[in-house]
Amino acid sequence: MTTPQSILKETFGYDAFLPFQHEVIENVLDRRDTLAVMPTGGGKSLCYQIPALLFEGLTVVISPLISLMKDQVEQLRAVGVPALFLNSSLQPEEYQTNMERVRSGVIKLLYVAPETLLTPRLFSLLTDMQVDCLTIDEAHCISEWGHDFRPEYRQLVDVRRRFPDAVCLALTATATMRVRSDIKASLGFSQSNEFVASFDRPNLYIEVVPKDNPAIQTARFLERFKDQSGIIYCFSRKQVDDLADFLTRRGYLVRPYHAGLADDERRRNQEAFIRDDVQIIVATIAFGMGINKPDVRFVLHHDLPKSIESYYQEIGRAGRDGLPAHCLLLYSYNDVAKLRYFINRKDGTERQVAVQHLDAIVRYAEDEVSCRRKPLLEYFGEAYTAQSCDNCDNCTGQAAEQIDITIPAQKFLSCVKRTGERFGAVHVTRVLLGSKDKRILQAGHDRLSTYGIGRELTRKQWAHLSRQMVQMGYLNQDGEYKTLSLTRKAYDALKNRLPIMGHLQEAEERASKKAREVASAYDQALFTLLRAKRKELADEAGVPPYVIFPDRALMEMAAYYPQSDARFLDISGVGQVKANQYGETFMAIIRDYCQEHDIPEGLKEVHRVKDDYGRRYMKVGEAFNEGETVESLMQQYQVKVGTILDHLARYMAVGHTLRPVDDILGLISAATGQQEAAFAAFDELGTAFLRPVFDRLEGSVSYDDLKALRLCYMSQAAEEMRPEG
Ligand code: ADP
Ligand code: ZN
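Residues numbered from 1 in each chain as written. Chains lettered and ligands numbered in written order. Predicted model: local features only at pLDDT ≥ 70, side-chain atom pairs only at ≥ 80, totals over all residues. Heavy atoms only, no water.

1. A few points about helix α7 (residues 120–127)
Think of an α-helix as turning once every 3.6 residues; residues three or four places apart then point the same way.
And step 1. Taken as a whole, α7 has its buried residues at Leu-122, Phe-123, Leu-125 and Leu-126. Here the buried residues of α7 occupy an arc of 160 degrees about the axis, which is enough to place them on one side. (Buried < 20%, exposed > 50% of the residue type's maximum accessible area, 1.4 Å probe, protein only. Helix = DSSP H or I, 4+ residues; strand = E, 2+ residues; numbered from the N terminus. Arc of directions from axis to C-beta.)

2. Brief notes about the packing of helix α5 (residues 92–104) against α7
And step 1. Relative to each other, α5 and α7 sit at 15 degrees, their axes nearing to 10 Å. Taken together, the axes of α5 and α7 are roughly parallel relative to one another. Viewed along their axes, α5 and α7 form a crossing whose handedness is right-handed. Residue-level contacts link Tyr-95, Gln-96, Met-99, Val-102 and Arg-103 of α5 to Arg-121, Leu-122, Leu-125 and Leu-126 of α7. (Axes fitted to C-alpha atoms, helices over the stretch in contact; angles between N-to-C directions. Parallel < 35°, antiparallel > 145°, perpendicular 65-115°, else oblique. Left-handed = near helix turned anticlockwise from the far one by under 90°. Contact = heavy atoms within 4.5 Å.)

3. What about the nonpolar core?
And step 1. Counting residues in hydrophobic clusters, the biggest one holds 144 residues, and the most contacted among them are Leu-126, Phe-549, Met-557 and Phe-586.
And step 2. Ignoring any residue separated from it by four or fewer positions in sequence, one finds Met-557 in contact with Leu-526, Leu-530, Phe-549, Pro-562, Phe-568, Ile-571, Val-574, Phe-586 and Ile-590.
And step 3. One finds Val-620, Met-652, Ala-670 and Ala-678 within the second-largest nonpolar core, a separate group that totals 34 residues. (Core = buried A, V, L, I, M, F, W, Y, C linked by side-chain atoms within 4.5 Å.)

4. Some remarks on the domain arrangement of the protein
And step 1. Domain boundaries in the protein define domain 1 (4–196), domain 2 (204–396), domain 3 (403–502), domain 4 (524–597) and domain 5 (616–721).
And step 2. Computed over C-alpha atoms only, the centres of domain 1 and domain 4 are separated by 30 Å.
And step 3. If you look at the interface, domain 1 gives 13 residues, while domain 4 gives 16 residues.
And step 4. In this structure, the connection of domain 1 to domain 4 is made through zero salt bridges.
And step 5. Sorting the residues of the side of domain 1 that touches domain 4 by element identifies α1 (4–10) and α4 (66–78) as the ones contributing at least two each.
And step 6. At four residues, α4 tops the list of elements feeding residues into the side of domain 1 that touches domain 4.
And step 7. A breakdown of the residues in the side of domain 1 that touches domain 4 according to their chemical character gives four nonpolar, four polar and five charged. (Domains from an automatic or database assignment. Salt bridge = Lys/Arg side-chain N within 4 Å of Asp/Glu carboxyl O. Nonpolar A, V, L, I, M, F, W, Y, C, P; charged D, E, K, R; others polar.)

5. Considering the sheet that holds strand β4 (residues 109–112)
And step 1. If you walk across this open sheet you meet the seven strands as β3-β4-β2-β5-β6-β1-β7, and the pairing is parallel. Edge positions in the sheet fall to β3 (83–86) and β7 (194–196), since each of these pairs with one other strand and no more. Averaged over all adjacent pairs, the angle separating strand axes in this sheet is 15 degrees, with direction ignored.
And step 2. Where β3 and β4 come together, four bridges link them in parallel fashion. Bridge pairing in β4 places Leu-84 opposite Leu-110.
And step 3. The sheet strands contacting helix α2 (residues 21–29) are β1 (34–37), β5 (131–136), β6 (167–172) and β7, and the helix crosses β1 at an angle near 165 degrees. (Pairing = 2+ DSSP bridges.)

6. Structural notes on the coordination of the zinc ion (ligand 2)
And step 1. Of the protein atoms, only Cys-371 (SG), Cys-389 (SG), Cys-392 (SG) and Cys-395 (SG) coordinate the zinc ion (ligand 2), at distances of 2.3 to 2.4 Å.
And step 2. Metal-centred angles of 103 to 120 degrees between the four donor atoms at the zinc ion (ligand 2) mark the site as tetrahedral.
And step 3. Overall, Cys-395 belongs to the partly exposed group, its relative accessible area being 22%. (Donors = N, O, S within 2.8 Å, 3.2 Å for Na, K, Ca; no water. Tetrahedral: all angles 85-135°; square planar, octahedral: opposite > 155°, others 65-115°.)

7. Considering the state of the cysteines
And step 1. Across all of its chains, the model carries zero disulfides by this definition.
And step 2. Cysteine Cys-47 shares no disulfide, and the gap to the nearest cysteine sulfur, in Cys-133, comes to 11 Å. (Disulfide = S-S within 2.5 Å.)

8. Comments concerning the site of ligand 1
And step 1. Taken together, 17 residues form the shell around ligand 1, and within it Tyr-14, Ala-16, Gly-41, Lys-44 and Ser-45 come nearest.
And step 2. Between an oxygen atom of ligand 1 and a main-chain N or O atom of Gly-42, the distance comes to 3.3 Å.
And step 3. Ser-45 is positioned such that a nitrogen or oxygen atom in its side chain is 2.7 Å from an oxygen atom of ligand 1.
And step 4. Across the complex, the protein chains shield 80% of the 570 Å² of accessible surface that ligand 1 would expose by itself.
And step 5. Here the element with the most residues in the shell around ligand 1 is helix α3 (residues 44–54); it accounts for three residues.
And step 6. Residue composition of the shell around ligand 1, by class: eight nonpolar, seven polar and two charged.
And step 7. Mapped onto the domain boundaries, the shell around ligand 1 takes at least three residues apiece from domain 1 (4–196) and domain 2 (204–396). (Near = heavy atom within 4 Å. Polar contact = N/O pair within 3.5 Å; in protein donor to acceptor, adjacent residues only side chain to side chain. Areas by Shrake-Rupley, 256 points an atom, 1.4 Å probe, with all protein chains shown as cover.)

9. Some thoughts on the environment of His-258
And step 1. As for its position among the elements, His-258 is in the loop between β10 (254–257) and α13 (263–274).
And step 2. His-258 sits 28 residues away from Ala-286 along the chain, and the two C-alpha atoms are 6.4 Å apart.
And step 3. Within polar-contact distance, the side chain of His-258 engages the side chain of Asp-241 at 3.1 Å.
And step 4. Within the structure, His-258 has its side chain in polar contact with the backbone nitrogen of Gly-260 (distance 3.0 Å).

10. Some remarks on the sheet that holds strand β8 (residues 204–210)
And step 1. On the basis of which strands lie adjacent, the open sheet formed by six strands has the order β8-β13-β12-β9-β11-β10 and parallel pairing. At either margin of the open sheet sits one strand with a lone partner, and together these are β8 and β10. Here the average twist between neighbouring strands, direction ignored, is 15 degrees.
And step 2. Pairing between β8 and strand β13 (residues 325–331): seven bridges, direction parallel. In the sheet register, Glu-207 faces β13, and the bridge partner there is Leu-328.
And step 3. Docked against the sheet, α13 engages β9 (230–233), β10 and β11 (280–283), running at close to 140 degrees with respect to β10.
And step 4. Against the sheet, helix α14 (residues 308–315) touches β8, β9, β12 (298–301) and β13, its axis set at about 150 degrees to β12.

In C-alpha cells form, the structure reads like this:
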C-alpha cells in the first residue's frame, strides 16, 4: 500500500519526516484546509508534493516566484514525478504543449503564477478538471501586513471559492500572528488546522564581531570555506562591486548582484552561483528571494542589515540542507550612523518604523551576553527557553567578566602534576584532549586519570587558560621547553579546593570545527570524485548539481561506500528513480575507489567514525612530524615535491602544527629578497590560493618554492599564536 512514509522513502529517498511534515500531510489528505508556517529549509515542499502523489486528481501550486517554479519542477522530474509549470516565461508553443499535457491528465502537480491562474484560458481548463488540492505558496503575500503584499494574491480568495471540492494548503515562512490570522481569514479557514514549526535553525552558527578591517576580516573568514558556496551582503552597490573585485583579485570565483546590473547579467550571475560555477555572490539585500540553493555554507553580513527581519531572512538562506552553516555579522557603529542618515531623510510613520527596526538590530548586535537565538526568535513571537544553544558566539564564547574557572583550572593543574611537571603546555593539553599523538602514547600518558578529561574546551582555549595560570602565579614556566610546574599557590588551591576566577576564551571557529567533524566522518577524496561526477551530469542535463543529488547524499556515499542497489537505496536523498538513473554511474566510481584503496562496503547502520582512507594529507603530516623528510615522503608515495608540500599545507590548515621546518627551507631556491616579497604577498593576499601570490610576484618565484614558503609562513603564524610565558 502506498502511504506518505513509503513515498517519502521510495520517491524522495528520505528516512524520516521533518517536524510537522507528517501532520500537515495527514491533514491535507483528510481534506482539511491547513495553514503551515515553517522556516526556510523546514521542508514545506513535501507537504503538498506527497499528498499530490496520493490524490487522484491534480494539485495546483500557486507561487509568485517564477524562478523557483522551474527549480521545483526540475527537482520533481528528477525523482520521476510528472510536474510542470505555466507562467509568462514560457514561449507560446511551450505554453500550449503544457496546457495539453495538463488536459490529458498525466500531470500530478501544476505550478502557476497567480496572474496566470486568473487567465480565462487556464481557468476554464481547470474548472473542467478534477483539482484535489490548491496549494498557496508564500501565502503571506495575501496579507497587507506581510512584508511582501501582492495585490494579485487577493484574487485567490475568489479562485478558492470556484474550487469548493479542493482542499487548500497555505504555506509561509512568515510567522507574525497578524499575518497568520489574515491568511486564514482571507481564505476562510477554521482555527484548528494550523501548524507552526519552530523558527529556530539549530544548524546555523550565529556570530557577531566588531568590524575593524572588513576586507581582511572577510578574506580570513573565507579561508575556512574552500570550494563551499556562500553569500556576502553589503550595504551599497559600490561596496558590492569593490568587494567583488577585491575577492576576484585574491583568486575567488565571485559574482556581484545588485539592482544596478542589467536583468540579464543578474540572472546569469545567480545561475552561475546555483550551478556551482562560482563560489560566492556578493550582493545587496535584493539577492536571494528567487533561489532555493540548499548547500549555502555561509552568509556574511559585511554591513549591518536594516532590521532583524531582513537579517533573519538573509541568514536563513544558509544551510537549508540541515548541515552546519556559519552566519557572521561584522558590526560597527559607523554603519549605524550611515543607516540613520538615510532614515532621517524619510518622514512620518515610515521613519518611525525604520528607527524602531534599526534600534532592535543594534540592540541585538551589541548584546554580548544572551544567546543570539533568544532575541531573534522572540522577535518572531517564539519563546526560546533553552539556557544555551551551544551554537552562537555568546553561548560558546568568551565572557568579558571574570567567571569561575575552578574546574578547568583544576583539571589543567592536576594534569601538569600527573605528567610529572616535565612538559610544556602543548603536551599537557594533548593529554587533556585525549590525543593519540605518539609522544603521549610513548610516555604512557594515555593511562593517566586526566587523559581525555578536557574535551569540553578547544586546544586554543586550553592554551589561553595555561597562560593565565602562569600569569596568576599558579604555574612556573622554565627552560627552553617552557616546562610547567606547580607553585605553592597551586598546591594550596588544589588541596583546599579554592575557587579560581578568570577568563575562558572564545571557542575557536566553533562552527567550522563542527563542519570539520561532519567532514571527517566521510571520505573527502571520494566525495570530491563524486562531486565532480555530479557537476558533469548536472551540466549535461542543464540543471543545478543539487537536483542530481544533495550534498548529504554524496557524503553518505563517501562514508558507507554502497556497491549494490539495495545499499545505494539506503542513502538519504536516494529514491527509486534516481537510483535507477544514476546508481550505476556513482557506484562504478565507488567500486573503483574501494578497490584501489582496499576498502570494504560499509553498512549505513554502522556509524563509521573516522577513517583515514583518502585522507593522505593526515598520514603525510603525521609522518613528517615523526621525522620523515619531504624527500623520503616523495619516495614513499611516488609523488612530486609539490604534492607533499600541498599535503602538509592542508594538514596545517585543519589545525595541526608541524615540527620546525628547517629542512623545508632547504628546498627553496628563491633568493632572500624574493622570499621576503613572498611573505609580504601572503600577508596581503592570504594563503588559500597561490595563483594571486604568483601573479603578484610576476612569476619570479616558482610554484614549488611558493608552496614551501607558504609552509614556513603558516608555521610562523602558528608559532605566533602559541602560548608563550
Ligand atoms: P522550504 O521550502 O521550507 O524552505 P524545502 O521544501 O525546500 O524547504 O526543503 C529544504 C531541504 O530539505 C530540501 O533540500 C529538501 O530536499 C530537504 N528535505 C525536505 N524534507 C526532508 C526530510 N523529511 N528529510 C530530509 N530532508 C528533507
Ligand atoms: Zn546561543
